[in-house]
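Descriptive analysis of the structure
Chain residues, written in single-letter form:
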Amino acid sequence: MPRSHGRSNSYPSVFPIGPHAAFRSGSLIVRETVYGIVKRLRFFLSRIEAERSMRSLQPAQVRVLDVGCGTGVNMTIPLANMKYSILGLDADSSSIAQAQKLSKGLTNLQFISGTLENRTFPEPFHVVICSEVLEHLANPAKLLTEIRKNLCGGGLLLLSVPNGFGYFEIETPLWRIVNGNRLLRQTLYSMEYRFWKRFGSPELLARRTVEYDPTRYSVTQSTLSGNQSHFQSFTLARLIRLLSARGFIVFESQNTTVFAGNLVGLLARELDPFLRWNSKAADRLPAFAASGWLVAARRD
């Protein structure tokens, strides 16, 4: 199976010109993180464009379903800015309510609350996105079966899944200790704030002022609460076997980042050179050493 090592496609209506890896989501600019969200969007967008070209469709004719879309900030809304016809679906009604607020004015985009099971749509989709979802499910095969039912013949499935034995899983117990200790958590956040206030450039400080404005921050954060543990620990080989068993052929995969997690995310979120390295270096690693994978598969 071929692996991708990144592409230089430019999509100016989504990716702004500037010194930082970032994309537009409605009126917001969203920067890269240790989870590789900019890299993920580029991977998905380039494959959707290839699908559009292969089918000789205009953007508005490309039907895309984003399963588990959340608030839509990191994927659904940016893709809607590319003029595709998009439906975002999520079981969390609070996330959908937030997504609807963020996407006002986008007539080619619809958000609905619910699950894919027993749901029917007027037409099958050319593309289905399922990003950071399968690992949270007790029965991911069931969702993949439903996805296949809603894809047109030869349709494209785009996935992102964390490495169940990667850095994120190693860091998670440590983050639980930090997050569970209010004093320790506050101390860590305070140290990070004071460090950048003392050593940050004027440009960086201005950027932080915008990004951490309470109104902006509240609309970009996940609305999910409670236990968001991973029920599945995937390897890339296990994921490919699961997809094959459910009627999909994987034709491309790409590593996401080297390091990913809440703690490294807090410590490195302003270190743009590190974030660039974290994304690019992952492409040189074997799959088992990456923090997760981006996968393109086709309904057989």
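Cut-offs and rules
- Residues numbered from 1 in each chain as written.
- Predicted model: local features only at pLDDT ≥ 70, side-chain atom pairs only at ≥ 80, totals over all residues.
- Heavy atoms only, no water.
- Helix = DSSP H or I, 4+ residues; strand = E, 2+ residues; numbered from the N terminus.
- Rg over C-alpha atoms; globule rule 2.2 N^0.38 Å.
- Buried < 20%, exposed > 50% of the residue type's maximum accessible area, 1.4 Å probe, protein only.
- Contact = heavy atoms within 4.5 Å.
- Areas by Shrake-Rupley, 256 points an atom, 1.4 Å probe, with all protein chains shown as cover.
- Lys, Arg positive; Asp, Glu negative; His and termini not counted.
- Charge placed at Lys NZ, Arg CZ, Asp CG, Glu CD.
- Polar contact = N/O pair within 3.5 Å; in protein donor to acceptor, adjacent residues only side chain to side chain.
- Pairing = 2+ DSSP bridges.
- Axes fitted to C-alpha atoms, helices over the stretch in contact; angles between N-to-C directions.
- Phe/Tyr/Trp six-rings, centres within 6.5 Å; stacked < 30°, edge-to-face > 60°.
- Lys NZ or Arg CZ within 6 Å of the ring centre and 35° of its normal.
- Salt bridge = Lys/Arg side-chain N within 4 Å of Asp/Glu carboxyl O.
- pLDDT = per-residue confidence, 0-100.

Here we take up the overall build of the protein. Counting secondary structure elements, the protein contains 11 helices and nine strands. Taking 19 Å as the expected radius of gyration for a compact globule of 300 residues, we find that the protein reaches 19 Å, a close match to that expectation. Along the first, second and third principal axes, the C-alpha set of the protein runs to 55 × 40 × 35 Å. For the protein, the proportion of its 300 residues judged to be buried stands at 49%. Contacts spanning at least 24 positions in sequence make up 76% of the contacts within the protein whose residues lie at least 6 apart. Put simply, the protein shows about 14600 Å² of open surface, and 57% of that area lies on carbon and sulfur atoms. The centroid of the 36 positive side-chain charges in the protein is displaced by 2 Å from the centroid of its 22 negative side-chain charges.

Let's shift gears to the side chain of Gln232. Among the structural elements, Gln232 can be located in the loop between α8 (214-220) and α9 (236-245). A distance of 2.9 Å separates a polar side-chain atom of Gln232 from the backbone oxygen of Leu137. There is a polar contact of 3.3 Å between the side chain of Gln232 and the backbone oxygen of Ala138. Not counting chain neighbours up to four residues away, the residues in contact with Gln232 comprise Leu134, Glu135, Leu137, Ala138, Pro140 and Arg238.

The next subject is the sheet that holds strand β5 (residues 109-113). Across the sheet, which stays open at both edges, the seven strands sit in the order β5-β4-β3-β6-β7-β9-β8 with mixed pairing between neighbours. In the strand order of this sheet, the two ends are held by β5 and β8 (248-255), each with one partner. Taking the axes of each pair of neighbouring strands and ignoring which way they run, one obtains an average angle of 15° across the sheet. In the sheet, strand β3 (residues 63-67) pairs with strand β6 (residues 125-131) via four bridges, with the strands oriented parallel. Bridged to Asp66 within β6 is Ile129. Each of β3, β6, β7 (151-162), β8 and β9 (292-299) is contacted by helix α4 (residues 140-149), which is oriented at about 145° to β7, the strand it contacts most. Sheet contacts for α9: β7, β8 and β9; angle to β8, the most-contacted strand, approximately 155°.

Before going further, it helps to spend a moment on the packing of aromatic side chains. Both the distance between ring centres and the angle between the ring planes are used here to describe each pair of aromatic rings. For the structure on display, the rule yields nine aromatic pairs. Pairwise contacts between aromatic rings join Tyr167, Phe259, Phe274 and Trp277 into one cluster. Here Arg42 stacks its cationic end above the ring of Phe15, 3.8 Å away from the centre of that ring.

Once that is clear, we can look at the pattern of salt bridges. A full pass over the atoms with the stated rule returns 18 salt bridges. Glu270 serves as the salt-bridge partner of Arg31, at 3.2 Å between the closest nitrogen and oxygen. One end of the pair, Arg31, is in strand β2 (residues 28-31); the other, Glu270, is in the loop between α10 (262-268) and α11 (272-282), and 239 residues separate them in sequence. Each member of the pair, Arg31 together with Glu270, is buried. For Arg207, the salt bridge identified is with Glu270, shortest N-O distance 3.0 Å. Taken as a pair, Arg207 in helix α7 (residues 202-211) and Glu270 in the loop between α10 and α11 lie far apart in primary sequence, 63 residues in all. Across the pair, Glu270 and Arg207 agree in class, each one buried. Within the structure, one salt-bridge network assembled from shared partners comprises Arg31, Glu192, Arg207, Arg208, Glu211, Arg269, Glu270 and Asp272.

Bringing the confidence of the model for the protein into the picture now. Residue-level pLDDT values for the protein average 91, and 93% of them are 70 or greater. Scored below 50 in pLDDT, residues 4-8 shows 12 contacts in the model against residues more than four places distant or in partner chains.

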